[in-house]
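Listed below, chain by chain, are the residues.
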Amino acid sequence: MRWVKEDFLISDDVSTIDLEIVVSLLSTTYWAAKRDRETIKKSIEGSVVFGLYHSNNQIGFARVVTDKATFSWVMDVVIDEAYRERKLGTWLMECILDHPHIKHTSFGLATKDAQSFYRKFNFYEEECMRRR
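What you see is a predicted model; the values in this text were computed from it and never measured.

Reading guide: rules and limits
- Residues numbered from 1 in each chain as written.
- Predicted model: local features only at pLDDT ≥ 70, side-chain atom pairs only at ≥ 80, totals over all residues.
- Heavy atoms only, no water.
- Phe/Tyr/Trp six-rings, centres within 6.5 Å; stacked < 30°, edge-to-face > 60°.
- Helix = DSSP H or I, 4+ residues; strand = E, 2+ residues; numbered from the N terminus.
- Buried < 20%, exposed > 50% of the residue type's maximum accessible area, 1.4 Å probe, protein only.
- Core = buried A, V, L, I, M, F, W, Y, C linked by side-chain atoms within 4.5 Å.
- Contact = heavy atoms within 4.5 Å.
- Pairing = 2+ DSSP bridges.
- Axes fitted to C-alpha atoms, helices over the stretch in contact; angles between N-to-C directions.
- Parallel < 35°, antiparallel > 145°, perpendicular 65-115°, else oblique.
- Left-handed = near helix turned anticlockwise from the far one by under 90°.

Trainee: Before we move on, could you go through the packing of aromatic side chains and cite the residues and values that matter?
Mentor: Taken as a whole and judged by the stated rule, the model has 7 aromatic pairs. Geometrically, the ring pair formed by tryptophan 3 and phenylalanine 50 is tilted, given 6.1 Å between the ring centres and 35° between the ring planes. Here tryptophan 3 is found in strand β1 (residues 2-5), whereas its partner phenylalanine 50 is found in strand β3 (residues 48-54), with 47 residues between them in sequence. In terms of burial, tryptophan 3 and phenylalanine 50 fall into one category: buried. Centroid distance phenylalanine 117 to tyrosine 118: 4.9 Å. Interplanar angle 80°. Geometry classified as edge-to-face.

Trainee: Can you break down the nonpolar core residue by residue, with the values?
Mentor: If you look at the biggest cluster of nonpolar residues, it comprises 26 residues, and the most contacted ones within it are Ile10, Phe50, Val74, Trp91, Leu92, Met93 and Ile96. Those elements that provide at least two residues to this core are β2 (8-11), β3, β4 (57-66), β5 (71-79) and α3 (88-98). Per-element tally for this core: the top contributor is α3, with 6 residues. Those residues in contact with leucine 92, other than ones at most four positions away along the chain, are Ile10, Phe50, Phe61, Ala62, Val77 and Ile79.

Trainee: Break down the sheet that holds β3 for me, with residues and values.
Mentor: The strand order across the open sheet formed by 6 strands is β1-β2-β3-β4-β5-β6, and the pairing between neighbours is mixed. Each having just a single partner strand, β1 and β6 (106-108) make up the two edges of the open sheet. Averaged over all neighbouring strand pairs, the angle between strand axes comes to 20°, with direction disregarded. Alignment of β2 against β3, held across 4 bridges, turns out to be antiparallel. Bridge pairing in β3 places serine 11 opposite glycine 51. The sheet strands contacting α3 are β1, β2, β3, β4, β5 and β6, and the helix crosses β5 at an angle near 155°.

Trainee: How would you sum up the environment of phenylalanine 107? Please name residues and give values.
Mentor: With respect to the helices, strands and loops of the structure, phenylalanine 107 is situated in strand β6. Residues phenylalanine 107 and glutamate 126, spaced 19 residues apart in sequence, show a C-alpha to C-alpha distance of 13 Å. Residues in contact with phenylalanine 107, not counting those within four places in the same chain, are Phe71, Ser72, Val74, Ile96, Leu97, Ile102 and Phe123.

Trainee: Can you break down the packing of helix α1 (residues 19-26) against helix α2 (residues 37-45) residue by residue, with the values?
Mentor: Relative orientation of the contacting elements α1 and α2 amounts to 110°, with a least axis distance of 10 Å. With respect to α2, the axis of α1 lies roughly perpendicular. Handedness of the α1/α2 crossing: right-handed. Across from Leu19, Glu20, Val22, Val23 and Leu26 in α1, the residues of α2 making contact are Arg37, Ile40, Lys41 and Ile44.

Right under this line is the structure:
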């Protein structure tokens, strides 16, 4: 799928993802700064991916791990710092939540610092168990 807004494009076409850009974007985050290139590549292969582009240059990324029937986990939502504060993250989340393969699933995500952003999309906090 493709979504267009002014000079910006969001695509779920994995062939348009620039792995080196994704590695660079994730290296600036608290949650994925230490992930190596091969791990990132493998994570992309196992996900529904969303690339955000401005004039054919990738400026954002997100991925969703899902069974496409009951549950989807939103991960690695990141926008190039130069493009933040333009509501592109909001648009990216709207596209993710409206994607026809996953929009009827329940969604989950984890964040340490963006709870107020995700509350706009009806995410709420509850306890979650984990196993490392």
